[in-house]
Amino acid sequence: MNNEFEILSAFLESFEPEVSGRSAEPVSDADRNKIERFARGELGADERAAVAPMLAANENAMRVLLRALGKGA
């Protein structure tokens, strides 16, 4: 379990400090599915790399991630 938190921590630390505001656009069903799969650890490296910019740019996408992680707790 600690390793999972270390991986998540390293992922979140990889984002540069926020300089401008994040988008608050709605998250599409397809993106929601990707984020939920990301939270369950079901994405490969390329898919994770594609999800990361979305999480960094859209606060609603980050909320989806947090909810998905909370469901798994």
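Before reading further, recall that the structure is shown in the block above.
Colleague: Which parts of the structure should I look at to understand the overall build of the protein chain?
Modeller: Secondary structure summary: the protein chain contains four helices and zero strands in total. Along the chain direction, N to C, the helices and strands of the protein chain fall in the order α-α-α-α. Per-residue burial for the protein chain yields a buried fraction of 21% across its 73 residues. Carbon and sulfur atoms make up 53% of the accessible area of the protein chain, which amounts to about 5,300 Å² in all.

Colleague: Just to check I follow, could you spell out the packing of helix H2 (residues 29–39) against helix H3 (residues 45–57) for this structure?
Modeller: Pairs of packed helices are described in terms of their axes, by the angle between the two and the distance that separates them. Close contact between H2 and H3 brings their axes to 10 Å; oriented N to C, the two are set at 115°. Overall, the two elements H2 and H3 adopt an arrangement that is roughly perpendicular. With respect to the hand of their crossing, H2 and H3 are arranged in left-handed fashion. Side by side, H2 and H3 meet where Asp-31, Lys-34, Ile-35, Arg-37 and Phe-38 of the first sit next to Glu-47, Arg-48, Val-51, Met-54 and Leu-55 of the second. The residue inventory of the contact of H2 with H3, partitioned by class, reads five nonpolar, no polar and five charged.

Conventions adopted
Each chain carries its own residue numbering, running from 1 in the direction its sequence is written. Local features in a predicted model are, by the rule used here, given only for residues with pLDDT of at least 70; side-chain atom pairs are given and counted only at 80 or more, and totals for whole chains, interfaces and linings are based on all residues. Think of the side-chain values as coming from all heavy atoms in the structure, minus any hydrogens and water. The secondary structure listing takes helices from DSSP runs of H or I that are at least 4 residues long and strands from runs of E that are at least 2 residues long, numbered from the N terminus. When a residue's accessible area, from a 1.4 Å probe over protein chains only, is under 20% of the maximum for its type it is buried; when over 50% it is exposed; and in between it is partly exposed. Per-residue and other accessible areas follow the Shrake-Rupley method at a 1.4 Å probe size, with only the shown protein chains counted as cover for residues. The angle between two axes is taken between their N-to-C directions and runs from 0 to 180 degrees, where each axis is a line fitted to C-alpha atoms and a helix contributes only its stretch in contact. Oblique is the label for any angle not covered by the other classes, which are roughly parallel (under 35 degrees), roughly antiparallel (over 145) and roughly perpendicular (65 to 115). Crossing handedness is defined as follows: a turn of the near helix away from the far one that is anticlockwise and smaller than a right angle gives a left-handed crossing, while the clockwise case is right-handed. Any two residues whose heavy atoms approach within 4.5 Å at even a single point are treated as in contact. When residues are grouped by polarity, Ala, Val, Leu, Ile, Met, Phe, Trp, Tyr, Cys and Pro land in nonpolar, Asp, Glu, Lys and Arg in charged, and all others, Gly among them, in polar.

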